[in-house]
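Spelled out from the first residue to the last, the chains are:
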Amino acid sequence: MKYVEGDLLTLPGPGRALVVTDLHGNLEDFRKVMTLWGKCFNRKCHLILTGDFIHAMGRVNDHSIEIIEEVQYYHDKYDNFHPLLGNHEWATITKILIYKGGVNQNLNFEQLLMETFPDAWEEKLEEYINFFQTLPVAVRTENGVFISHSGPAKVESIDDIINLTRDSYLDNQPLYDLLWRRDPKKRDVNQFLEKVDCQAMVVGHTPVDGYKLKGNLLILSSSYGKGRKVYLELDLGKEIQGGRDLEPLIKYFR
Ligand SMILES: [Mn+2]
């Protein structure tokens, strides 16, 4: 079962959710993730991709298009496959220029589209933008885990998350913070968690060696990162009182 309201996806328990971050056009890692999901109770686990599945560091081995095509396919076919919005998908929607390793990623992406679909690249870009606009920004699990690309943000309640992109993707500080923010203070994390009625949050975005636990904020790197690659196998029926309860649920890719 999946329950999407505006920009928020709510996952009830019991059950399991695999949380995977920042694939950035890495097809080999995407395949590993899909194999893992296939083995997780025969795809009955939820699979959450926390955004930034597109845009590799350079043109070589940028498999963003293959990944989007597959992500769209699985998204349409399975109701427990949950891609979220990342700052790179956001940059595609808003056409705000984004750089990574000094490379203009929007331009790179357009060139990739032109090579792949020479006669229809603009239509494909439109299709992808429309798809990205359907993606939720965050997940809240019934056992109190908030999952997003980055964060936290200044909000008053969970309703602010539900209505996050209702008005605009631009000039939207809470949205910007949930997609771009790095190195937040523990106090800001805890204030946010209180507002959205959660005990811990899981994000990607900032490259780390496997994972970094900072109070109730867990940062994961599943593909693009600083060394080891991890994912979270979240038990949706388990009581989560804070970040420390997430640490035993972290698994390494092999
Ligand atoms: Mn990011």
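None of these values were measured; they are calculated from a predicted model.

Basis of the calculations
Residues numbered from 1 in each chain as written. Predicted model: local features only at pLDDT ≥ 70, side-chain atom pairs only at ≥ 80, totals over all residues. Core = buried A, V, L, I, M, F, W, Y, C linked by C-beta atoms within 7 Å. Buried ≥ 20, exposed ≤ 12 C-beta atoms within 10 Å, placed from the backbone. Contact = placed C-beta atoms within 7 Å. Pairing = 2+ DSSP bridges. Helix = DSSP H or I, 4+ residues; strand = E, 2+ residues; numbered from the N terminus.

1. Observations regarding the nonpolar core
Turning to step 1, where the next piece is worked out: One finds Leu18, Val19, Ile48, Ala138, Val202 and Leu220 to be the most contacted residues of the largest nonpolar core, which totals 60 residues.
Turning to step 2, where the next piece is worked out: Excluding anything up to four places from it in sequence, Leu18 contacts Leu36, Trp37, Cys40, Cys45, Leu47, Ile48, Tyr231 and Glu233.

2. Topic: the pairing of strand 11 (residues 211-214)
Turning to step 1, where the next piece is worked out: Sheet analysis places strand 11 next to strand 12 (residues 217-220), joined by four bridges and oriented antiparallel. In the strand pairing of strand 12, Leu213 is matched with Leu218.
Turning to step 2, where the next piece is worked out: Following strand 11, the chain reverses through two residues before pairing antiparallel with strand 12; Gly215 in that reversal takes a positive phi of roughly 65°.

3. Section: the environment of Val139
Turning to step 1, where the next piece is worked out: Turning to its location among the elements, Val139 is positioned in strand 8 (residues 138-141).
Turning to step 2, where the next piece is worked out: When the C-alpha positions of Val139 and Tyr169 are compared, they lie 18 Å apart, and in sequence the two are 30 residues distant.
Turning to step 3, where the next piece is worked out: Beyond its immediate chain neighbours, meaning those up to four positions away, Val139 contacts Leu9, Leu11, Ile48, His82, Leu84 and Ile147.

4. Overview of unusual backbone geometry
Turning to step 1, where the next piece is worked out: For the bond from Gly13 to Pro14, the omega torsion is -10°, close enough to zero to count as cis.
Turning to step 2, where the next piece is worked out: Looking at the secondary structure, you find Pro14 in the loop between strand 2 (8-11) and strand 3 (16-20).
Turning to step 3, where the next piece is worked out: In the segment running from Gly151 into Pro152, the intervening peptide bond is cis, with an omega of 0°.
Turning to step 4, where the next piece is worked out: Checked against the element boundaries, Pro152 lands in the loop between strand 9 (145-148) and helix 6 (158-162).
Turning to step 5, where the next piece is worked out: Backbone geometry at Asp197 places phi at a positive 60°, although glycine is not the residue there.
Turning to step 6, where the next piece is worked out: Counting through the fold element by element, Asp197 comes out in the loop between helix 8 (186-195) and strand 10 (200-203).
Turning to step 7, where the next piece is worked out: A tally of 11 C-beta atoms within 10 Å means that Asp197 is categorised as exposed.

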